[in-house]
Amino acid sequence: MNDDHLEDPHRRRLRERLEVLMLRAEKSASWREETRRLRSLVNLDGFVPVRTRLSSEDLDFLADARDDLLMFAQLGLRLLDLHQPRDAGGITSDAAHPILRCRSCMWRWPCPTYRAFTDSFEESSDLSESA
Ligand SMILES: [Zn+2]
């Protein structure tokens, strides 16, 4: 079942913007290997003169990469501030391990939003370690 027509316009625009960012990043080339090589060439002034070939997809990505990353980092910090555990209160038989709930969405801790965060960051750190 397709619920796209039920999605409110603001939410749909946010989703479309995130999908554009993801596609732009996927189409651009990774600089991981190149930066490892370039790091050894940093001069005494702390710079490396770079001469490289960039595709138009790379330029599309690089043009906004800094602002996009800052936006995502700010979003992540705001979500982490919102989704924190708190004692759910009530009577428990295990006083050493009280039941915790998210103070924002009230799901049992760790809440789905926090788990999505940890899953994403553990996956990305696995990728960077294996590269
Ligand atoms: Zn939550």
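Description of the structure in this document. Here the structure is a predicted model, which is why all the values come from computation and not from measurement.

A count of helices and strands for the protein chain gives four helices and two strands. Ordered by position from N to C terminus, the α and β elements of the protein chain give α-α-α-β-β-α. Evaluated residue by residue, the protein chain yields a buried proportion of 9% over its 131 residues. A separation of at least 24 residues holds for 41% of the contacts in the protein chain among residues at least 6 apart in sequence. Summed over all atoms, the accessible surface of the protein chain reaches about 11,300 Å², with 55% contributed by carbon and sulfur.

Our focus in this paragraph is helix 1 (residues 9-27). Within an α-helix, residues lying three or four positions from one another point in the same direction, as the helix has 3.6 residues per turn. Here helix 1 spans 27 Å end to end across 19 residues, near enough to the 27 Å set by a 1.5 Å rise per residue. With a side-chain oxygen lying 2.9 Å from the backbone nitrogen of H10, the N-terminal cap of helix 1 falls on D8.

The subject of this paragraph is the coordination of the zinc ion. Donor atoms from the polypeptide that coordinate the zinc ion comprise H83 (ND1), C102 (SG), C105 (SG) and C111 (SG), at 2.0 to 2.3 Å from the metal. Geometry at the zinc ion is tetrahedral, judged from the four donor atoms that bind it and their angles of 101 to 122 degrees at the metal. Each donor residue of the zinc ion lies on the same chain, and together they follow the pattern H-x18-C-x2-C-x5-C. Placement of H83 in the loop between helix 3 (56-82) and strand 1 (85-87) and of C111 in the loop between strand 2 (100-102) and helix 4 (112-130) is noted, with a sequence separation of 28 residues between them. The two residues H83 and C111 agree in class, both being buried.

For the peptide bond that leads from W109 to P110, omega is 0 degrees, which places it in the cis range. Take P110: it is sitting in the loop between strand 2 and helix 4. With a phi close to 70 degrees, M106 is a non-glycine residue in the positive phi region. In this structure, M106 sits in the loop between strand 2 and helix 4. Judged by relative accessible area, which is 38%, M106 ranks as partly exposed.

On to the packing of aromatic side chains, then. For any two aromatic rings, the description comes down to two numbers: the centre-to-centre distance and the angle of the planes. With the rule as written, the count across this model stands at two aromatic pairs. Measuring from centroid to centroid gives 4.7 Å for W109 and Y114, while their planes differ by 35 degrees, and the two rings are tilted. With 5.9 Å between their ring centres and 5 degrees between their planes, F117 and F121 make a pair best called stacked. Highlighted residues: F117 and F121, both in helix 4, separated by four residues, approximately one helical turn. Among the residues examined, F117 registers a relative accessible area of 18% and is labelled buried.

Criteria and cut-off values
Residues numbered from 1 in each chain as written. Predicted model: local features only at pLDDT ≥ 70, side-chain atom pairs only at ≥ 80, totals over all residues. Heavy atoms only, no water. Helix = DSSP H or I, 4+ residues; strand = E, 2+ residues; numbered from the N terminus. Buried < 20%, exposed > 50% of the residue type's maximum accessible area, 1.4 Å probe, protein only. Contact = heavy atoms within 4.5 Å. Areas by Shrake-Rupley, 256 points an atom, 1.4 Å probe, with all protein chains shown as cover. Expected span 1.5 Å × (residues − 1). Polar contact = N/O pair within 3.5 Å; in protein donor to acceptor, adjacent residues only side chain to side chain. Donors = N, O, S within 2.8 Å, 3.2 Å for Na, K, Ca; no water. Tetrahedral: all angles 85-135°; square planar, octahedral: opposite > 155°, others 65-115°. Phe/Tyr/Trp six-rings, centres within 6.5 Å; stacked < 30°, edge-to-face > 60°.

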